[in-house]
Every structure is written in structure tokens, then in C-alpha cells.
Number of protein chains: 2
Amino acid sequence: MRIAVDGYGGDNAPSEVVKGVLAALEEDKSIEILLTGKAEELSALAGEHNRLFIRDAREVISCEEVPTLAVRTKKGSSLVVALDAVAAGEADGLVSAGSTGAVLIGATLKIGRVKGVERPALAPALPTVKGGTVILCDCGANVDCRPSYLVGFARMAVAYQKGVFGLNDPRVGLLNNGAEETKGNAFAVECHQLLKAAEGMNFIGNVEARDILSGEVDVVVADGFDGNVALKSAEGTANAVFSLLKEGIYKGGLRAKLGALLLKPVFKGLKRTLDYNEHGGAAFLGLKKPVVKAHGSSKAKSICGAILQVRDMIAGEVSERLAKDIQND
Amino acid sequence: MRIAVDGYGGDNAPSEVVKGVLAALEEDKSIEILLTGKAEELSALAGEHNRLFIRDAREVISCEEVPTLAVRTKKGSSLVVALDAVAAGEADGLVSAGSTGAVLIGATLKIGRVKGVERPALAPALPTVKGGTVILCDCGANVDCRPSYLVGFARMAVAYQKGVFGLNDPRVGLLNNGAEETKGNAFAVECHQLLKAAEGMNFIGNVEARDILSGEVDVVVADGFDGNVALKSAEGTANAVFSLLKEGIYKGGLRAKLGALLLKPVFKGLKRTLDYNEHGGAAFLGLKKPVVKAHGSSKAKSICGAILQVRDMIAGEVSERLAKDIQND
């Protein structure tokens, strides 16, 4: 198995990307990595490694560029060169921490959609309070959706759950502002009926945003705009809690500081559980080959996590499962 | 100043409502309360009080009923009797922990909108990490919005910030999936332009859901569906953090338990800060008289908080400010 990695994507590229690549190669002796970017710089950072292949790419796509234009004109960029390698069958999946827009558009253009997929979608895997994982799909790739898209998002996330997390019959919920069937805006009401009617789908109904992490649902589908709001609100709240906690400890005197010291391992574990970036990135589902978009601020650990995530998606045959599920639809 | 309280609204009515009413009367010696519901039960619970007026109402509207129908047919319910008192000028504002739908529809019908308000909206006041307050408007009263509604939501929340929290020129942001002006779905893009063009509005642009609590914005406007997703996702995440923390402490042995004991005051303070229900409820803005919808599960403390919140809205002349702002528009 070979995984392409965009060596110049993200705020901390290339050094953290290279560190993450080396960590992944160390972690899994069976994978190979095709790393794209300025060859001399990457070689200097990485040193010699018999499962690391560096492919020269002189350009870099920044987050400020218009994605479609950048992907079309910068054919020699680290991202496009990596995508071309996947498209040509030289790699089985891709990781990039670069511009989200460019990764989404580039991957859709170059790698292509699984037959029957209307719209690929971004799907982070989030930790639940019961120790499991819930897939939130879409989280921002499609901000203006038709109701039918959401049935596709559900199929894609179900294939992901089955292939990577080993669930047999994932429970699918629709993000909504109330649990009752008639709740929601006109769009949500229509989505509900389509999901309910979808063949072979374990649709459990509407899910309120407060229950996404409850562990009672395995896949939550949403319009990309709403999914993004849910995801970022969760992120912001987790950050706010930690920031308020820190302040409370700071103001709480010696007693609080001692307490915090004793609880350090617990806090660390909690932060690790909640930070979905630690576990990799958001899977970009619906393409013929797995793609993971790591956070722009990824450090080595997240890059390594994202590579292992793509590995799991390849091994779990997520794209193949999806193709089969859609065909049987 | 007299405040009407729906004595039979909420899961813990009437006993917790009565306790909350008594606490509010104790807390502020200048207010009077008009409490509606079964008079003999309320009297037995409350005892004698010279600033408490009980008005008999034999019916109760439950959360299972269709709101429009319930408000129209149950004219003798605790909610409708309380609303009628406000409409008749016998009270200056209202608190109910009952069915959200019934409160919204009943208040709009009976109390009426401020002239120029297209749609009243639900607006909780949330704590920011900087110790301030941010108003999120709308949070679920209007799930299918026109872009123009959001300009109204902004006007309403600005009047609320000015009147109750004393801000001079509240910063208004639009909930969106990215900070740049062109970001968002078609709806958000249109809202952005309208808000930008709105006379006398301190519009600071798009705000991502992760930044709602940042303290960098005083009013965040959103379609009721998205606002609801943001609010409930924040709520769910805060709950998840506490639940994971509890589990970590439980599993962390003696060291963690000792740490937790030392940090107890900090945890308590944090929970209090984050639980917006402790501070009252969600204001229902845009009506001629202030209405606060307390959480259905409200205990005495939240009811008391909601009453003091309505008091502040009356004293801060939130409805009058809004009427003036809209007239000048």
C-alpha cells in the first residue's frame, strides 16, 4: 500500500509534515509513502528511508488562492502532483493539510467520484461519550444542498463506519432542531422522508445537535453549512471550557493549582479524546480513492494520524464498499 | 413593575415555579408577581405574600399538544391567562417554562409584535470566555427564514444588549462557515450584504461557530435552524466534556479523586458559567412586552433567574428601544 502525502500543505509544512511521515512509516512497517514538494528540502529533512519516495514539485498552493484556479494553473504544485499520482494508480490514497477548497476541488477533478455519488462530502470522525465514534457528514464541502445529497452522505458515511470502525449496521440520524418526525425547516422535513424511504438504511430519525456525541447514533448527516456550524460550535465550546477551566485554576490559588497538578493526566486524556485532529483529519468521502484533509495547523502527530487514517480507509475498502452499496440501491 | 409567571409551565411546575417566584420576590423587593394556575394549589405552596397575586387558571398546556390549537382552545390555561394579563396591561412582562411552541405563538398573538418587526425570535444570552455576554438570535423560533429577517434579529438583539447589558454599540456578526465576505451558502451571502448595508449597525462580518463565545462579538444572528444547531451543539459538547471528565476522574484512582476534590469550587464555577439556564432563559425578542422562555426542566433557581431577566428587560426598555431603532431605520 502506498499513500501520497502533500509535503507542502498546511501551516507547518514541510517540517512537521516530514516528521509526521517518518512517524507513520515507523508506526506501520507495511506502508510506503510518496511525498511531494521541493525534493532537495524534503530529502534534507527526511534523510534516507527505503519506504519513502520523494517526488519533486516546485509550486505551492496557498489558502489565499481561489481553489479552482489554483488547481488548474498550478499543475506543478505539491498538491496537484500528489493527486496526479493517486489518479495514475501510483498511490492508493492521499493526505493533505493544505487549502480545503483546493483539496476538495482537486480531488474531485483528479481522482473522481464513485459512480452514483452526487456530491463528495467532508466527514470528521468524532469521539462519543460512550467511547465510540460518530461520523458527521457533510461538514462544509457542500453548503447548498439538495435533499437527495443527504441520502448520499449517509451511504458514504455508512461505508466509512463499516470499513474503518467495523460497525455492521450503523445507525443514521438527521441533524435537526427537534426529535419529532415533523420537526425542522422545509429542507430537513424533505430529507427526513428521503432517508426514511432509503433502502437498507438503518435510519433512526432526527438527532438534535446536543446528541451528536451521545453515542446513540453512528452517522449524523447534515447540509454542509449546518454540519460545519455543529462541528465548529462543538470545537469552540470545548476550547471555551478549557480556557475557562485554566482561568479558574489560575484564580483558584494554591488549592486549585495542586488539584490541577493531580488531575493533569486526566486533563491530558480528555484533551486528547476531544481533539479530533489528534486522530487525523476529516475524511473526504465519495471518491474512488480515500482522501483525508488534515487540519491546516497540523503538527507531526496529526499528519501521522491522518496517514494511518487513510491506511485504514484503504484497508477497509471504504470506496469499494460505497460503490457496491450504491449499485445495490 | 409587575411580572406575570406561568405557574404550570415546565416539568417541575408548580412547586419549583413557586419556589423561584418566592426567591425572586425576596431578591428584588420592588417587583410584584402575577402567578397563574390552580389557585388553591399555588396558595398552599406559596403562603401569604403581599407582592404576590395569584390568578386562577384551571387548564394546563402540555408539550405534546399542537401549539396553535392549544393556545386557541385552552383559553383558561395558566399560559393564556398569564398572556392575557400582559396584553391587558396588568403585567409588564412574562416568564414561562412551558411548551416553547405555545409560548412563542401565544405571545406573538396576544402581546403582539413591535411595529416593523417581521418575526420575533428566540435569543439566549451566552457567557463568553472574556466574561461578557453574547446574544445568539434566532435559536429556533424561525426555521425557514428570509434574509431580511436576520436584519430584524440583529436590531432586536442589539436593543437587548444595549438595554440589559449596557453596551453602547454592540458588534454584530453573521453565523457562517467562514470569515470571508463571500463565504457561506446562498442564504448567508445574501444576509451578509443586507447586514452590511443596514443603517447604523455595527456589523463586523461573518463569525464562525467556533468563535461565538470568543468575546469578540456581542450579537450573532442566524437562521433559527442554524442558531439552534450552534446552541445545542455547544450544550452537547459542554455536557460531553463534563461527562468525560467525570469518567476520567473515576478511572484515575486516588490521585485523580483528590485532585477533583481540590478543584471542586473551580468545577462548580465553570458549570455555573456555562449553564445559561442558570442565568434565566432565552429572551423572546420583538414583542411589545418582554417574554422569557425558561428551560422546560427549570428548577427554582432558573425560574428566579428568568424573572430577574424579564425585570432587567423591562427596566432596560428593550421593547421601547427596538421600536425607536426600527422607526429610525
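All values derive from a computational prediction rather than experimental measurement. (Residues numbered from 1 in each chain as written. Chains lettered and ligands numbered in written order. Predicted model: local features only at pLDDT ≥ 70, side-chain atom pairs only at ≥ 80, totals over all residues. Heavy atoms only, no water.)

Some words on the relation of the copies chain B and chain A
And then number 1: The operation relating chain B to chain A is a screw motion whose rotation component is 180°, with 0.0 Å of axial translation and a residual RMSD of 0.0 Å. A rotation of that kind, with that shift, is consistent with a two-fold axis. When C-alpha distances to the rotation axis are compared across chain B, the minimum falls at Gly 259 of chain B, with a value of 1.9 Å. (Least-squares fit on C-alpha atoms with pLDDT ≥ 70 in both.)

A word on the environment of Ser 214 of chain B
Residues and elements named next belong to chain B.
And then number 1: Relative to the helices and strands, Ser 214 is located in the loop between β9 (203–208) and β10 (219–221).
And then number 2: Residue Ser 214 is classed as buried on the basis of its relative accessible area of 18%.
And then number 3: On a C-alpha basis, the gap between Ser 214 and Arg 155 in space is 21 Å, while along the polypeptide they are 59 residues apart.
And then number 4: Setting aside chain neighbours within four positions, we find Ser 214 in contact with Thr 128, Val 129 and Lys 130. (Helix = DSSP H or I, 4+ residues; strand = E, 2+ residues; numbered from the N terminus. Buried < 20%, exposed > 50% of the residue type's maximum accessible area, 1.4 Å probe, protein only. Contact = heavy atoms within 4.5 Å.)

So, the pattern of salt bridges
And then number 1: Enumeration over the complete set of coordinates arrives at 36 salt bridges over all chains.
And then number 2: Glu 90 of chain A is paired through a salt bridge with Arg 55 of chain A; the nearest N and O atoms lie 2.7 Å apart. Here Glu 90 of chain A is found in the loop between α4 (78–87) and β4 (93–96), whereas its partner Arg 55 of chain A is found in strand β3 (residues 52–56), with 35 residues between them in sequence.
And then number 3: Judged by its relative accessible area of 32%, Glu 90 of chain A is partly exposed.
And then number 4: Given the relative accessible area of 28%, Arg 55 of chain A is considered partly exposed.
And then number 5: Bridged by salt links that share partners, the residues Glu 208 and Arg 210 of chain A together with Lys 232 and Glu 235 of chain B form one connected network. (Salt bridge = Lys/Arg side-chain N within 4 Å of Asp/Glu carboxyl O.)

Some details on the sheet that holds strand β8 (residues 172–176) of chain B
All names here are of chain B.
And then number 1: Sheet architecture is open: five strands sit in the order β6-β7-β10-β8-β9, paired in mixed fashion. Each of the sheet's edge strands pairs with one partner strand only, and the pair in question is β6 (125–127) and β9. Strand-to-strand, the axes of this sheet are offset by a mean angle of 30°, without reference to chain direction.
And then number 2: Both β8 and β10 contribute to a ladder of three bridges, which runs parallel. Bridging from a neighbouring strand, Leu 174 pairs with Val 221 of β10. (Pairing = 2+ DSSP bridges. Axes fitted to C-alpha atoms, helices over the stretch in contact; angles between N-to-C directions.)

Re the interface of chain B and chain A
Many structure descriptions define interface size as the accessible area lost when the parts assemble.
And then number 1: At the interface, 51 residues of chain B touch 51 residues of chain A.
And then number 2: Taken over both partners, the interface formed by chain B and chain A buries close to 4,400 Å², and the fraction arising from carbon and sulfur atoms is 69%.
And then number 3: For the pair chain B and chain A, the number of links is four salt bridges.
And then number 4: Residue Lys 232 of chain A is joined to Glu 208 of chain B by a salt bridge in which the shortest nitrogen-to-oxygen separation is 2.2 Å.
And then number 5: The interface formed by chain B and chain A holds 18 residue pairs in polar contact (both at pLDDT 80 or more) in total.
And then number 6: Those elements that provide at least two residues to the side of chain B that touches chain A are β8, α7 (186–197), α8 (224–251), α9 (253–262) and α10 (264–274) of chain B.
And then number 7: Among the elements that take part in the side of chain B that touches chain A, α8 of chain B stands out by supplying 20 residues, more than any other. (Buried area = accessible area lost by both parts, 1.4 Å probe. Polar contact = N/O pair within 3.5 Å; in protein donor to acceptor, adjacent residues only side chain to side chain.)

Some thoughts on the pairing of strand β6 (residues 133–137) of chain A
The side chains of a regular strand alternate between both faces of the sheet.
All names here are of chain A.
And then number 1: For β6, the buried fraction is high: four of the five residues fall into the buried class.
And then number 2: For strand β5 (residues 121–127) and β6, the ladder comprises three bridges, and the chain directions are antiparallel. In the strand pairing of β6, Ala 125 is matched with Ile 135.
And then number 3: Between β5 and β6, which pair antiparallel one after the other, the connecting turn spans five residues, and Gly 131 there sits at a positive phi close to 90°.
And then number 4: Bridging between β6 and strand β9 (residues 219–221) involves three bridges; their strand directions are parallel. What sits directly across from Leu 136, in β9, is Val 220.

Quick notes on the packing of aromatic side chains
Aromatic ring pairs are reported here in terms of the distance separating the ring centres and the angle at which the planes meet.
Residue and element names in this part refer to chain A.
And then number 1: Overall, the coordinates contain two aromatic pairs over all chains when judged by the stated rule.
And then number 2: Measuring from ring centre to ring centre gives 5.6 Å for Tyr 160 and Phe 165, while their planes differ by 65°; the resulting arrangement is edge-to-face.
And then number 3: A relative accessible area of 0% means that Tyr 160 is categorised as buried.
And then number 4: Phe 165 gets classed as partly exposed once you look at its relative accessible area, which sits at 32%.
And then number 5: The ring of Phe 53 has Arg 2 sitting right over it, with the charged end atom 4.6 Å from the ring centre.
And then number 6: Lying over the aromatic face of Phe 242, Lys 271 brings its terminal NZ or CZ to 5.1 Å of the ring centre. (Phe/Tyr/Trp six-rings, centres within 6.5 Å; stacked < 30°, edge-to-face > 60°. Lys NZ or Arg CZ within 6 Å of the ring centre and 35° of its normal.)

Remarks on α9 of chain B
Residue and element names in this part refer to chain B.
And then number 1: Listed in full, the buried residues belonging to α9 are Ala 256, Gly 259, Ala 260 and Leu 262. Along α9, the residues classed as buried sweep out an arc of 160° about the axis, all on the same side. Relative to its buried face, α9 has exposed residues pointing more than 90 degrees away, namely Leu 254 and Leu 261. (Arc of directions from axis to C-beta.)

Section: the side chain of Asp 138 of chain B
Residues and elements named next belong to chain B.
And then number 1: Within the fold, Asp 138 resides in the loop between β7 (133–137) and α6 (147–165).
And then number 2: Arg 119 provides the closest opposite charge to the buried, unpaired Asp 138, separated from it by 8.4 Å.
And then number 3: From its side chain, Asp 138 meets the backbone nitrogen of Leu 122 in a polar contact 2.9 Å long.
And then number 4: A distance of 3.0 Å separates the side chain of Asp 138 from the backbone nitrogen of Ala 141, its partner in a polar contact.
And then number 5: Setting aside its immediate chain neighbours within four residues, Asp 138 contacts Ala 121, Leu 122, Phe 153, Ala 222, Asp 223, Gly 224, Gly 227 and Asn 228. (Lys, Arg positive; Asp, Glu negative; His and termini not counted.)

Considering the confidence of the model for chain A
And then number 1: Mean pLDDT over chain A works out to 94, with 98% of the residues at or above the 70 mark.
And then number 2: The complex prediction reports pTM at 0.92, with the ipTM value standing at 0.90. (pLDDT = per-residue confidence, 0-100.)

A short note on helix α8 (residues 224–251) of chain A
Because each turn of an α-helix spans 3.6 residues, side chains separated by three or four positions end up pointing in the same direction.
All names here are of chain A.
And then number 1: With 28 residues, α8 should reach 40 Å at 1.5 Å per residue; the first-to-last C-alpha distance of 40 Å fits that figure.
And then number 2: Counting buried positions over the 28 residues of α8 gives 21, a clear majority of the element.
And then number 3: The residue sitting at the N-terminus of α8 and contributing the capping side-chain oxygen is Asp 223; that oxygen lies 2.8 Å from the backbone nitrogen of Phe 225.
And then number 4: Count one or two residues on from α8 and you reach Gly 253, which has phi positive near 75°. (Expected span 1.5 Å × (residues − 1).)

Concerning unusual backbone geometry
Residue and element names in this part refer to chain A.
And then number 1: For the peptide bond that leads from Ala 13 to Pro 14, omega is 0°, which places it in the cis range.
And then number 2: Note on placement: Pro 14 falls in the loop between β1 (2–6) and α1 (15–27).
And then number 3: Here Cys 137 and Asp 138 are connected by a cis peptide whose omega angle stands at 10°.
And then number 4: Backbone geometry places Glu 317, a non-glycine residue, at a positive phi of 50°.

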